[in-house]
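Summary of the model geometry
The chain contents come next:
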Amino acid sequence: MPKIAGNVQTVKVTGANIEELTQKAELEFHDEATTRLAEMNRLLDEVASNGADGDNVPALAEHAHNLRITGGSFGFPAVAMVAQRLQGYLNDVTDWTEKTQRDAQAFCDTLGTLLERQAQPDDDEIAQIVRGLPSHVSRSFSPGDIEIKNVEILLVTPARAVAKILSKQIMACGFRVNSVHDPIEGLTTALRLRPDMV
């Protein structure tokens with residue numbers, strides 16, 4: 001029974017309560033993420049029908065950002081990693097093409113598959129899933145000049161502007177880039193993603 005001290009209510013937390021609260025938080029995340037993913041798919045359908053003009057692509061990036069934050073907070077690292085990659089992909093898109101549409105749909109399909117799973121993948125499988133996601137190459141070089149490699153680079157820098165510039169340069173060389181701004185997040189990302197270079 002909760003005790004009331006003055007205007008503040010206190011609740012004794014036991015091991016059973018913590019487990020129950022954790023399960024409730026995970027279910028709430030799952031419901032929110034499923035709703036958010038349905039909205040992302042609706043936005044992709046709208047982009048396919050009407051083009052990428054307007055607020056649809058920024059809205060997709062915002063949903064990906066929110067999934068990255070909440071997925072990481074509620075114990076869904078695979079969802080967080082895929083959403084982070086999608087957010088970076090969308091932020092770097094300059095022209096929306098049929099390939100971009102297919103790639104964005106592949107990200108959403110992967111998120112949907114992860115949300116349908118009973119158990120979250122282990123770190124090895126997360127790395128494999130993220131490496132299998134679509135990537136794009138900056139066009140500052142002629143496409144014939146570069147050879148796209150399945151080499152994963154983790155860029156850790158607190159300066160967002162520097163991260164964006166370096167990411168584009170590294171992608172222009174044919175590498176896949178995952179960028180984080182916090183060194184602690186960089187460590188956990190490196191453990192889960194297992195990049196070829198940090």
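Residues numbered from 1 in each chain as written. Predicted model: local features only at pLDDT ≥ 70, side-chain atom pairs only at ≥ 80, totals over all residues. Heavy atoms only, no water.

1. A few points about the layout of surface pockets
- Considering only enclosed or pocket space, the largest pocket measures out at about 560 Å³ in volume.
- In terms of lining residues, the largest pocket is bounded by 25 residues, among which Gln87, Gly88, Asn91, Ser179 and His181 are the most central.
- Of all elements in the fold, only α2 (56-73), α3 (77-92), α6 (160-172) and β4 (176-180) reach the threshold of two or more residues within the lining of the largest pocket.
- Ranked by the residues each element gives to the lining of the largest pocket, the list is headed by α3, at 7 residues. (1 Å grid on protein atoms, 1.4 Å probe; cavity = no way out; pocket = protein on both sides within 12 Å on 5 of 7 lines; lining within 4 Å. Points joined across faces, edges and corners; volume = space filled by probe spheres on them. Helix = DSSP H or I, 4+ residues; strand = E, 2+ residues; numbered from the N terminus.)

2. A few points about the confidence of the model for the protein chain
- Of the residues in the protein chain, 85% reach a pLDDT of 70 or more, and the chain-wide mean stands at 84.
- Mean pLDDT values for the elements of the protein chain range from 53 in strand β1 (residues 3-5) up to 94 in helix α4 (residues 98-116). (pLDDT = per-residue confidence, 0-100.)

3. Remarks on unusual backbone geometry
- The phi dihedral of Arg194 is positive, around 55°, even though this residue is not glycine.
- When you line up the elements, Arg194 lands in the segment after α7 (183-193).

4. Quick look at the nonpolar core
- Ranked by internal contacts, the top residues of the largest apolar core, which has 30 residues, are Met40, Val79, Leu86, Leu90 and Leu111.
- Only α1 (15-50), α2, α3, α4 and α5 (123-131) provide two or more residues apiece to this core.
- A total of 8 residues in this core trace back to one element, the largest contributor, which is α3.
- Excluding its chain neighbours within four sequence positions, the residues that come into contact with Leu86 are Met40, Ala64, Phe107 and Leu111.
- Core analysis: the next-biggest nonpolar cluster, separate from the first, contains 6 residues, Leu155, Ala163, Ile170 and Val177 among them. (Core = buried A, V, L, I, M, F, W, Y, C linked by side-chain atoms within 4.5 Å. Buried < 20%, exposed > 50% of the residue type's maximum accessible area, 1.4 Å probe, protein only. Contact = heavy atoms within 4.5 Å.)

5. Notes on the pattern of salt bridges
- This structure, assessed with the given rule, holds 11 salt bridges.
- The salt bridge involving Arg117 is made with Glu125; its shortest N-O contact spans 2.7 Å.
- Between Arg194 and Asp124 there is a salt bridge whose closest N-O contact spans 1.9 Å. Of this pair, Arg194 sits in the segment after α7 while Asp124 sits in helix α5, placing them 70 residues apart in sequence.
- Residue classification places Asp124 among the partly exposed residues on the basis of a relative accessible area of 46%. (Salt bridge = Lys/Arg side-chain N within 4 Å of Asp/Glu carboxyl O.)

6. Comments concerning the environment of Ala83
- By secondary structure assignment, the location of Ala83 is in helix α3.
- A C-alpha to C-alpha distance of 9.6 Å links Ala83 and Thr110, two positions 27 residues apart in sequence.
- Contacts of Ala83, omitting those with residues within four sequence positions, involve Ala64, Leu67, Arg68 and Leu111.

7. What to know about the packing of aromatic side chains
- Following the criterion strictly, the structure yields 3 aromatic pairs and no others.
- Ring plane angle 25° and centroid distance 6.1 Å describe the contact between Phe29 and Phe74, whose orientation is recorded as stacked. Here Phe74 lies in the loop between α2 and α3 and Phe29 lies in helix α1, a separation of 45 residues in the sequence.
- Phe74 gets classed as partly exposed once you look at its relative accessible area, which sits at 33%.
- Taken together, a centroid distance of 5.5 Å and an interplanar angle of 55° make the contact between Tyr89 and Phe107 tilted. (Phe/Tyr/Trp six-rings, centres within 6.5 Å; stacked < 30°, edge-to-face > 60°.)

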